[in-house]
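What follows is the residue order along each chain.
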Amino acid sequence: MESIEQDGNGAVPESLPPPPPVPPDVVPIKAEPEPAKKKVVRVPMARRGLGSKGQKITLLTNHFKVNVGSVDGHFFHYCVSLSYEDGRPVDGKGVGRKVIDRVQETYSNELDGKNFAYDGEKSLFTVGPLPNNKLEFTVVLEDVTSNRNNGNASPEGHESPNAQDRKRIKRPYQSKTFKVEISFAAKIPMQAIQSALRGQESENSQEALRVLDIILRQHAAKQGCLLVRQSFFQNNPDNFTDIGGGVLGCRGFHSSFRASQGGLSLNIDVSTTMIIRPGPVVDFLLANQNARDPFSLDWTKAKRTLKNLRIQVSPSNQEYKITGLSEQMCKDQLFSLKQRSVKNDDGEAENLEITVYEYFVNHRNIQLRYSADLPCINVGKPKRPTYIPLELCSLVSLQRYTKALTTFQRASLVEKSRQKPQERMTALSSALQRSNYSAEPMLRSCGVSISTNFTQVEGRVLPAPRLKVGNGEDFFPRNGRWNFNNKKLVEPTKIERWAVVNFSARCDTNSLVRDLVRCGDMKGIRIDPPFDVIQESNQNRRCSPVVRVEKMFEEIQSKLPGAPQFLLCLLPDRKNSDLYGPWKRKNLAEFGIVTQCMAPTRVNDQYLTNLLLKINAKLGGLNSMLAIEQTPSIPVVSKVPTIILGMDVSHGSPGQSDIPSIAAVVSSRQWPLISRYRASVRTQSPKLEMIDSLFKRVSDKEDEGIIREVLLDFYTSSGKRKPDQIIIFRDGVSESQFNQVLNIELDQVMEACKFLDENWNPKFVVIVAQKNHHTKFFQQGSPDNVPPGTVIDNKICHPKNNDFYLCAHAGMIGTTRPTHYHVLLDQIGFSADDLQELVHSLSYVYQRSTTAISVVAPICYAHLAASQVGTFIKFEDASETSSSHGGVTAPGAVPVPQLPRLKESVCNSMFFC
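Note that the structure is a prediction, hence the values are computed from the model and not measured.

1. Thoughts on the overall build of the protein chain
Here comes step 1: A count of helical and extended segments in the protein chain gives 20 helices and 39 strands.
Here comes step 2: Considering only intrachain contacts with a sequence separation of at least 6, the fraction spanning at least 24 residues in the protein chain is 73%.

And the structure:
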């Protein structure tokens, strides 16, 4: 250790006062340097055992066994840097693959004839080394408009309808020279694949599997596919389906390598993405804006929609990227045409000011039918625009559409892309055959061979839990469903002080109220006559949504004797009413009133019963509960106070980078129940996946985080008991983020606990639920989906980690998507059976429906809470939250608008139901 006397720069200070004398009766104690608290880094736990409960069932899954022949070799990783002749780096994405292909063709000998696995950007892999650690090549490409090698390729700029045009007719292609540098980066032993299969994961094993995935991507790119991560889409109109608004659903395949208990497997699944409808730009715009003719298009909107899309221009078939639109119409937009034949006094070509329309019609002899009175497409640079009449432009195929879909587009996409289990199996088998991986040279050089058979796995079907309904009756769900015909709810509420509010929906409100009271009576809910039915006055219908809600509340306050307990709100639109957000905000955040919205289009008894399930839960009732909750005899959970949390973060759509993300934490209350929940919702920086408001210390005594709020509610609602066990369900994180959940989020939760009570040490369980994976299960020789309650924890699960798949629900349409649960931490010590049964039971406590749901209720509630409270800020001017204001800010530093807090009377209710 360096001597203490030295200050920072090693100099010894002039004079230090002498140390105080040590009294004679004191034995000096040697000062031990305080050990730095080493932070324990948590990693996902290993599997402790397999479950055994339930009836065995043999299933097939869309994993195909992979054998790897060579294990002694190495992958060599090289960095690729591409530049133009003058040293500028190449930025266009699509061009990389072409350049590397050309390098391989031209310099095969210098490369020892090696095959490459290239990711299209900066990484290149080979089996065995290249002759040198650093190689430099120069290649020439004739035409560098990327012809569909990559979803986001960009054509290199060309100049256009001016002098260049004549040149282009003589010499249609521009050649470009590229410098390519390939330099050694790392060496990855193929042995790493084997160690991954033994559960010994390392940097190397993940990299080795990444190389195999890159080979699959490259294989698809060579066939001209659009690549979206590990999904590949071919340019085949048979795979396209129109979903409205100029957008097509495009069906393709996902394919990736996975390490599992049964060895290496290739996971292949059907995948769908959205693309822009190829063909004439004008047809796309008409469909996109639902316009009658080109002259009624909104060009400001069109400019936003078209920016950066790639077009082909007739008659030259050149490809360009759209940079904007002309300021003026085609017949008025001027540009300077150099006239070779006319020289000025200095002998230079004269410039002629000419309109784009005149140039194309008179100089190029191209007939234009309708472009004269429409803007031109600009494909030039900001300083040097290049205009092309609209009707000569066609959108290239396979361009991704990344904006948020409308409700109708989404419904159409789901309906058109679903497949029955047998249909899906057939599609997967033929996809594997067509992909012809056995001929892929890189895979062959690794000795990879892929089986053509679906992997067989052993599943177990867990029995459905027994439910309690009203009058002490028991009930056994059948095939994951039940109903309340001739049954009462287990804890019905009374609806006393209430009113109906009608925002101009067409509806016979008297008969609606009559039917609601009658249905309520059948379920045990006593509903008094409403105070009033308040109709929106005609002059308010034209106001903005926020104003309509304000005016309606003025009416309510003048007509009702006091604050109502409940408001039933009739909305005119069936989906996505813009009144919904302002209405919910007003009720929950300003007045603390429970409210239920409905669009009274197709109202029958079943509809009203479903509506009453929601209303009953919101008002504090329970519709049904688990029999083991009532007795209480839930393994592990009923023994000591236990809180169950569901956490989720929802983000804006990919196109909206400045909409704050919304974090929701749902928590159980009134232990030993696991059917009652409340929710806390906060905003955070856009696209931030980790929840950052779990613990927010503002002073020595104060913590404004979510967890404190949750724990205090549990304490007061559970008879002044602190939870000894905290079970966290986390949704929406990928495997690469597991360590962050364990080390960042869990730490915050623990800190919040310590901050409440230094001496309290609850035990934690952390489980991640994933729905967006590509594993599916099929029953051999049966057209049906797997039965509800099917659990799989072997063979295709992780070689070491504690994970399992559960299909808790009955898949009615399409193919069931199992939920993949990863148990990252278990300090309680659950047996595999107890934990799987708890997760299964939590799929049966969802109060909004009479079915088992596909993922545990607390996670579903977290989604609902996030999306409902999210509507509070949707209707505020979105530009207020946009990052374009106030100069440039660092990413993530945009001030995030805070959500209003819910009033005390509703904040612990199931308002999100």
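2. A few points about the confidence of the model for the protein chain
Here comes step 1: Mean pLDDT over the protein chain works out to 87, with 89% of the residues at or above the 70 mark.
Here comes step 2: Low pLDDT, under 50, characterises residues 1-14; the predicted model gives this stretch five contacts beyond four residues in sequence or across chains.
Here comes step 3: The low-confidence segment residues 877-892, where pLDDT is below 50, has twelve contacts with residues more than four positions distant or belonging to other chains.

3. Overview of helix α16 (residues 706-717)
Here comes step 1: Taking 1.5 Å of rise per residue, twelve residues should cover 16 Å, and α16 covers 17 Å from first to last C-alpha, within 8% of that figure.
Here comes step 2: Turning to α16, its buried residues are Ile-706, Ile-707, Val-710, Leu-711, Asp-713, Phe-714 and Ser-717. Summarising the axial view, the buried residues of α16 lie within an arc of 160°, below the 170-degree limit, and thus occupy one face.
Here comes step 3: One or two steps after α16, the chain reaches Gly-719, where phi turns positive at roughly 65°.

4. Here's the deal with the pairing of strand β28 (residues 566-570)
Here comes step 1: Burial runs high along β28: five of the five residues are buried.
Here comes step 2: In β28, alternate side chains face the same way, and those of Phe-566, Leu-568 and Leu-570 on one face and Leu-567 and Cys-569 on the other are all buried.
Here comes step 3: Bridge analysis of strand β25 (residues 498-502) against β28 gives five bridges, and the strand direction is parallel. Bridge assignment links Val-500 to a residue of β28, and that residue is Leu-568.
Here comes step 4: Judged from the five bridges that link them, β28 and strand β29 (residues 594-598) form a sheet pairing that is parallel. Each bridged residue has a counterpart across the sheet, and for Leu-568 the counterpart in β29 is Gln-596.
Here comes step 5: Regarding topology, helix α13 (residues 580-591) serves as the crossover connection from β28 to the parallel β29, and that connection is right-handed.

5. A closer look at helix α18 (residues 832-841)
Here comes step 1: Burial analysis of α18 places seven of its ten residues in the buried class, which makes it a mostly covered element.
Here comes step 2: Among all positions of α18, only Asp-833, Leu-835, Gln-836, Leu-838, Val-839, His-840 and Ser-841 are buried.

6. Focus on the packing of α16 against helix α17 (residues 738-756)
Here comes step 1: Viewed as axis vectors pointing N to C, α16 and α17 meet at an angle of 55°, and their least axial separation amounts to 9 Å. By the angle between their directions, the pair α16 and α17 is classed as oblique. In this structure, α16 crosses over α17, and the sense of that crossing is right-handed. Touching Ile-707, Arg-708, Leu-711 and Leu-712 of α16 are Val-749, Ala-752, Cys-753, Phe-755 and Leu-756, all from α17.

7. Here we look at the pairing of strand β32 (residues 661-668)
Consecutive residues of a regular strand have side chains that alternate between opposite faces of the sheet.
Here comes step 1: Taking burial as the measure, the eight residues of β32 include eight buried ones, the bulk of the element.
Here comes step 2: With burial as the criterion, each face of β32 is covered, one bearing Ser-661, Ala-663, Val-665 and Ser-667 and the other bearing Ile-662, Ala-664, Val-666 and Ser-668.
Here comes step 3: Looking at chain direction, strand β31 (residues 642-650) and β32 are connected through six bridges and run antiparallel. Within β32, the residue paired with Gly-646 across the bridge is Val-666.

8. A word on the packing of aromatic side chains
Here comes step 1: According to the stated counting rule, one finds 20 aromatic pairs in the structure shown.
Here comes step 2: Ring geometry for Trp-482 and Tyr-844: centres 5.9 Å apart, planes at 20°, overall stacked. With a gap of 362 residues between them, Trp-482 in the loop between β23 (474-475) and β24 (494-495) and Tyr-844 in the loop between α18 and α19 (857-874) connect regions that are remote in the sequence.
Here comes step 3: Between Phe-503 and Trp-583 the ring centres are 5.6 Å apart and the planes differ by 85°, which places this aromatic pair in the edge-to-face class. Placement of the pair is Phe-503 in the loop between β25 and α11 (509-523) and Trp-583 in helix α13, with a sequence separation of 80 residues.
Here comes step 4: A residue is classified by how much of its surface remains accessible, and Phe-503, at 0% relative accessible area, is buried.
Here comes step 5: Linked through ring pairs, Tyr-677, Tyr-846, Tyr-861, Phe-911 and Phe-912 together constitute an aromatic cluster.

9. Topic: the environment of Tyr-78
Here comes step 1: Along the chain, the position of Tyr-78 falls in strand β2 (residues 74-84).
Here comes step 2: Overall, the relative accessible area of 0% leaves Tyr-78 in the buried class.
Here comes step 3: Spatially, the C-alpha atoms of Tyr-78 and Asn-133 are 8.5 Å apart, while their sequence positions differ by 55 residues.
Here comes step 4: Not counting residues within four places of it along the chain, the set of residues in contact with Tyr-78 comprises Lys-122, Ser-123, Leu-124, Thr-126, Pro-129, Leu-130, Asn-132, Ile-182, Ser-183, Phe-184 and Ala-185.
Here comes step 5: A polar contact is formed between the side chain of Tyr-78 and the backbone nitrogen of Leu-130, at a distance of 2.8 Å.

10. Considerations on the side chain of Gln-218
Here comes step 1: The topology assignment puts Gln-218 in helix α4 (residues 203-222).
Here comes step 2: Setting aside its immediate chain neighbours within four residues, Gln-218 contacts Arg-97, Phe-116, Ala-117 and Tyr-118.

11. As for the pattern of salt bridges
Close approach of charged atoms allows side chains of opposite charge to pair.
Here comes step 1: Across all of its chains, the model carries 39 salt bridges by this definition.
Here comes step 2: Residue Asp-713 pairs with Arg-669 through a salt bridge whose shortest N-O separation is 2.9 Å. Taken together, the positions of Asp-713 in helix α16 and Arg-669 in the loop between β32 and β33 (677-684) put the pair 44 residues apart, joining distant regions of the chain. For the pair formed by Asp-713 and Arg-669, the shared burial category is buried.
Here comes step 3: The partner of Glu-745 in a salt bridge is Arg-730, and the shortest N-O contact between them spans 2.8 Å. Of the two residues, Glu-745 is situated in helix α17 and Arg-730 in strand β34 (residues 725-731); the sequence distance between them amounts to 15 residues.
Here comes step 4: A relative accessible area of 0% means that Arg-730 is categorised as buried.
Here comes step 5: Several salt bridges converge on common partners, so that one network encompasses Arg-669, Arg-678, Arg-682, Glu-709, Asp-713 and Arg-901.

12. Digging into the sheet that holds strand β4 (residues 123-127)
Here comes step 1: Taken together, the five strands give an open sheet; going across it, the order is β3-β4-β2-β6-β5, and neighbouring strands pair in antiparallel fashion. For this open sheet the edge positions go to β3 (117-118) and β5 (134-141), each flanked by a neighbour on one side alone.
Here comes step 2: Note that β3 and β4 share two bridges and pair antiparallel. The partner of Tyr-118 across the bridge, within β4, is Leu-124.

13. Describing the packing of α13 against α19
Here comes step 1: At a minimum axis distance of 8 Å, the contact between α13 and α19 shows a crossing angle of 105°. Here α13 lies roughly perpendicular to α19, going by the angle between them. Touching Tyr-580, Gly-581, Lys-584, Arg-585, Leu-588 and Ala-589 of α13 are Gln-868, Thr-871 and Phe-872, all from α19.

14. Regarding the environment of Gln-230
Here comes step 1: Mapped onto the fold, Gln-230 is located in the loop between β7 (226-228) and β8 (231-233).
Here comes step 2: Linking Gln-230 and Ile-268, residues 38 residues apart in sequence, is a C-alpha distance of 9.9 Å.
Here comes step 3: Setting aside its immediate chain neighbours within four residues, Gln-230 contacts Asp-213, Leu-216, Arg-217, Phe-253, His-254, Ser-255 and Ser-256.
Here comes step 4: A polar contact of 2.9 Å, which involves the side chain of Gln-230, links it to the backbone oxygen of Ser-255.

15. Re unusual backbone geometry
Here comes step 1: A cis amide bond, omega 5°, links Ser-314 with the succeeding residue Pro-315.
Here comes step 2: With an omega dihedral of 10°, the bond running from Trp-671 to Pro-672 counts as a cis peptide bond.
Here comes step 3: Of note in this structure, Asp-112 is not a glycine but carries a positive phi near 55°.
Here comes step 4: Counting through the fold element by element, Asp-112 comes out in the loop between α1 (95-106) and β3.
Here comes step 5: What makes Asp-112 exposed here is its relative accessible area of 54%.
Here comes step 6: With a phi angle near 60°, Asn-317 is a residue other than glycine that sits in the positive phi range.
Here comes step 7: Residue placement: Asn-317 occurs in the loop between β13 (310-313) and β14 (318-321).

Conventions adopted
- Numbering of residues begins from 1 in every chain and follows the order in which that chain's sequence is written.
- For a predicted model such as this one, the threshold for reporting local features is a pLDDT of at least 70, and the threshold for listing and counting side-chain atom pairs is 80 or more; totals across whole chains, interfaces and linings nevertheless cover every residue.
- Side-chain figures throughout are based on the complete set of non-hydrogen atoms in the structure, without hydrogens or water.
- Strands here are runs of E lasting at least two residues and helices are runs of H or I lasting at least four, both read from the DSSP assignment and numbered beginning at the N terminus.
- Only heavy atoms enter the contact rule, under which two residues are in contact if any of them lie within 4.5 Å.
- pLDDT is a per-residue confidence score from the predictor, ranging from 0 to 100.
- Residue count minus one, scaled by 1.5 Å, sets the expected span of a helix.
- Burial here depends on accessible area, computed with a 1.4 Å probe over protein chains only, as a share of the maximum for the residue type. Under 20% is buried, over 50% is exposed, and the range in between is partly exposed.
- An arc is given here, and it is the one of the directions from the helix axis to the C-beta atoms.
- At least two DSSP bridges between two strands are needed for those strands to be called paired.
- For a crossover, the right-handed case is the one in which the path from the first strand over the helix to the second runs clockwise, viewed with the strands pointing away from the viewer.
- Orientation is described by axes fitted as lines to C-alpha atoms, over the contacting stretch for helices, and by angles from 0 to 180 degrees between their N-to-C directions.
- Convention used here: angles under 35 degrees read as roughly parallel, angles over 145 as roughly antiparallel, angles from 65 to 115 as roughly perpendicular, and any remaining angle as oblique.
- Rotating anticlockwise by less than a right angle from the far helix to the near helix defines a left-handed crossing, while the corresponding clockwise rotation defines a right-handed one.
- Stacked, edge-to-face and tilted are the three classes for Phe, Tyr and Trp ring pairs, Trp counted by its six-membered ring, which pair at centre distances within 6.5 Å; planes under 30 degrees apart are stacked, over 60 edge-to-face, the rest tilted.
- Two N or O atoms form a polar contact when they lie within 3.5 Å of each other; inside protein one atom must be a possible hydrogen donor and the other a possible acceptor, and for residues adjacent in sequence the pair counts only when both atoms belong to side chains.
- Note on definitions: salt bridges are taken to be side-chain nitrogens of Lys or Arg within 4 Å of carboxyl oxygens of Asp or Glu.

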